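So the chains spell out like this:
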Amino acid sequence: MAKGTARYIAGKVERFDQKNEMWRRPRWDPSQHEMGRKVYGTSFTHIREKKPGYTQIDLALGVAGWHVETAFAHGNVTEGTDMYKWDMELVLPYGGAKQPIPDEPYLVSDPSYMSQVIKKAARFLGASLVGICELNRLWVYSHAFHFWTKEHLPLEIPEEYKYVVAIAVEMDCQAIETSPNWPTHAACGLGYSQMAFTATSVAQFIRTLGYKAIPSGNDTALSTPIAIDAGLGELGRNGLLITPQFGPRVRLCKVFTNLPLVPDEPIEFGVTEFCSKCQRCAESCPGQAIMYGGMTDKPHNISNSAGQLKWPIDAEKCFKGQFAGDTSCMNCERVCPFNKPPGWLHDTVRRGVKHTPWLDSFFVGMDKLFGYGKQKRAEDFWLQ
Ligand code: SF4
Ligand code: SF4
């Protein structure tokens, strides 16, 4: 039986061109210029002191959350930049004069043990979840598109990079519960900043062992299929990775490497069946970008890949809906029944979803009845 991303393949899949990713389209696609001007020119600039969730304090948290990504990492600009460099000098603590790094790579006699080690190191360095898969080059962008220079060049990862360490970073639940208020933007930005910190630190760990490592955020390759292949979760109706631990409330990064590792098994815990009954994300989407009904392999536009049976997101509508009224939307994460803080009740239900698919509609109903997923007041976010 097909596992991981192989479950979703329904036809010919071609490598995705990063130029067609929605955030880059305003840089070259005339049909998206106006929307790009709004999103990149005026979003988060209208402070409304009398409107909780859109005050200077909320804005300040957003700027702080994004700070490491926007000031130092620049992973959203292009691949291999700053904190995401494909190669980086190893700087030993305190100058390192007395701690030379051996010329020979660390001898990996047991890739299974090394996999445990790399997962422990990744968690130590900030990962909430870690998995390993062999690199399927279908998920590597065919071309990279530089956000500022618009340079558009073919992209390949050298053959020796056989494995990927897939990393998920949890985003703050209380901030996302205020979606579409600005604390959501701060949670998203902090996720990007943590992605850069963790991915580059894991890469340095691997390089210090004498192996090669390429840290990657949203650049270089599609993170969601890699995370699915690495056993971190399944694909949801909202187009996001759904993890058993945090639902869709994670950001993803990865590290490509030639370090000998053992891949994890992809997991299934009933997400596809549950999403077939639940449409809460579609009902709550201000852009109507999320599909109702069954899956399809037909793309909405050039921002989707063809050949995969799923609920493709209409990224053009999401782009418009996400920033309608100068908001910051993560409604599709806020309302998702898999998005819960850890706790025995929530963990029990999540386990139940796997073993009792006939109760899925009941769980969706109970989720609504208990008021889960309802927007929380931004004032309360600051008092928690
Ligand atoms: S981010 Fe908002 S607009 Fe975009 S798909 Fe999710 S709910 Fe819809
Ligand atoms: S809100 Fe419901 S349909 Fe949407 S991703 Fe979550 S479980 Fe699936």
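Since we're looking at a predicted model, the values are computed, not measured. Numbers given to residues run from 1 along each chain, matching the order in which its sequence is written. Going through the entries in the order they are written, you letter the chains from A and number the ligands from 1. Note on the predicted model: pLDDT of at least 70 is required for a residue's local features to be given, and 80 or more for side-chain atom pairs to be given and counted; whole-chain, interface and lining totals, by contrast, use all residues. Here the side-chain values reflect all heavy atoms present in the structure, with hydrogen atoms and water set aside.

Caption draft 1: Spotlight on the environment of Ala196. Runs of E in the DSSP output that reach at least two residues are strands. Runs of H or I that reach at least four are helices, and both are numbered from the N terminus. Tracing the backbone through its elements, the reader meets Ala196 in helix α5 (residues 183–208). The classification of residues rests on relative accessible area computed with a 1.4 Å probe and restricted to protein chains. Under 20% of the type maximum is buried, over 50% is exposed, and intermediate values are partly exposed. A relative accessible area of 0% means that Ala196 is categorised as buried. When the C-alpha atoms of Ala196 and Tyr84 are compared, they prove to be 6.9 Å apart, with 112 residues separating the residues in sequence. Two residues form a contact once any of their heavy atoms are found within 4.5 Å. The residues touching Ala196, leaving out its near neighbours within four places in the chain, are Ala73, Met83 and Tyr84.

Caption draft 2: Layout of the sheet that holds strand β8 (residues 250–257). By definition, two strands form a pair when at least two bridges between them are found by DSSP. Pairing within the open sheet is antiparallel, and its four strands lie in the order β1-β4-β8-β5. The outermost strands of the open sheet, each flanked by one partner alone, are β1 (129–134) and β5 (213–216). Across the sheet, the mean angle separating the axes of adjacent strands is 20° when strand polarity is ignored. In the sheet, β1 pairs with strand β4 (residues 163–170) via six bridges, with the strands oriented antiparallel. Counterpart to Leu129 in the pairing with β4 is Ala168. A fitted line through C-alpha atoms serves as each axis, taken over the contacting stretch for helices, and the angle formed by two N-to-C directions is quoted from 0 to 180°. Contacting β1 and β4, helix α3 (residues 111–124) crosses the sheet at an angle of about 140° to β1.

Caption draft 3: Expanded view of the pattern of salt bridges. When a carboxyl oxygen of Asp or Glu is within 4 Å of a side-chain nitrogen of Lys or Arg, the pair counts as a salt bridge. If you walk through the whole model with that rule in mind, you get 17 salt bridges. For Arg15, the salt bridge is made with Glu156, and the minimal N-O distance between the two is 3.2 Å. You can see Arg15 sitting in the segment before α1 (33–42) and its partner Glu156 sitting in the loop between β3 (152–154) and β4, a full 141 residues away along the chain. For Lys376, the salt bridge goes to Glu177, with nearest N and O atoms at 3.3 Å. Here Lys376 is found in the loop between α12 (360–369) and α13 (378–381), whereas its partner Glu177 is found in the loop between α4 (173–176) and α5, with 199 residues between them in sequence. For Lys376, a relative accessible area of 39% corresponds to the partly exposed category. One network of salt bridges, in which partners are shared, links Arg7, Glu234 and Glu268.

Caption draft 4: Spotlight on the site of ligand 2. The criterion for a residue being near a molecule or strand is simple. One of its heavy atoms has to lie within 4 Å of it. What surrounds ligand 2 is the set Arg237, Asn238, Phe274, Cys275, Cys278, Arg280, Cys281, Cys336, Pro337 and Phe338. Elements with a minimum of two residues in the shell around ligand 2: α7 (271–277) and α8 (280–284). Under this grouping Gly is polar, as are all residues other than the nonpolar Ala, Val, Leu, Ile, Met, Phe, Trp, Tyr, Cys and Pro and the charged Asp, Glu, Lys and Arg. Residues belonging to the shell around ligand 2 are distributed by class as follows: seven nonpolar, one polar and two charged.

Caption draft 5: Examining the packing of aromatic side chains more closely. Only Phe, Tyr and Trp rings take part, Trp by its six-membered ring, and two of them pair if their centres are within 6.5 Å. Stacked means planes under 30 degrees apart, edge-to-face means over 60, and tilted covers everything else. One pass over the structure, following the stated rule, counts ten aromatic pairs. With a centroid separation of 6.3 Å and 50° between ring planes, the pair formed by Phe16 and Tyr141 is classed as tilted. Of the two residues, Phe16 sits in the segment before α1 while Tyr141 sits in the loop between β1 and β2 (143–145), which places them 125 residues apart along the sequence. For the ring pair Phe381 and Trp382, a centre distance of 5.2 Å and an interplane angle of 80° mean the geometry is edge-to-face. Among the aromatic residues, ring-to-ring pairing joins Trp23, Tyr40, Phe147, Trp148 and Phe319 into one connected group. Criterion for a charge above a ring: Lys NZ or Arg CZ within 6 Å of the ring centre, and within 35 degrees of the ring normal. In this structure, Lys19 is placed above the aromatic ring of Trp28, and the distance from its NZ or CZ to the ring centre is 4.5 Å.

Caption draft 6: Geometry of the side chain of Asn238. Note that Asn238 resides in the loop between β6 (234–235) and β7 (241–242). Side-chain atoms alone can form a polar contact between residues adjacent in sequence; in general such a contact is a pair of N or O atoms within 3.5 Å, and within protein one must be able to donate a hydrogen while the other accepts it. One polar contact links the side chain of Asn238 to the main-chain amide nitrogen of Leu240, over a distance of 3.1 Å. At a separation of 3.2 Å, a polar atom in the side chain of Asn238 contacts the main-chain carbonyl oxygen of Cys332. Not counting the four nearest positions on each side in its chain, Asn238 is found in contact with Pro248, Cys281, Ile290, Ile313 and Cys332.

Caption draft 7: Fine view of the site of ligand 1. Near ligand 1 you find Cys285, Pro286, Ile290, Cys318, Gly321, Gln322, Cys329, Asn331 and Cys332, and these make up its full shell. Those elements giving two or more residues to the shell around ligand 1 turn out to be α9 (315–322) and α10 (331–334). Per-element tally for the shell around ligand 1: the top contributor is α9, with three residues. Counted by class, the shell around ligand 1 contains six nonpolar, three polar and no charged residues.

Caption draft 8: Representation of a nonpolar patch on the surface within the structure. A cluster of nonpolar side chains, contributed by Ile57, Trp382 and Leu383, occupies part of the molecular surface with about 360 Å² of accessible area. Residue placement: Ile57 occurs in helix α2 (residues 56–73). Only residues above 30% relative accessible area that lack a salt bridge enter a patch, with like-charged residues linked at up to 9 Å and the nonpolar side chains Val, Leu, Ile, Met, Phe, Trp and Tyr linked at up to 5 Å. What sets the accessible areas is the Shrake-Rupley method with a 1.4 Å probe; for residues, cover comes only from the shown protein chains.

Coordinates in, geometry out; function isn't part of it.
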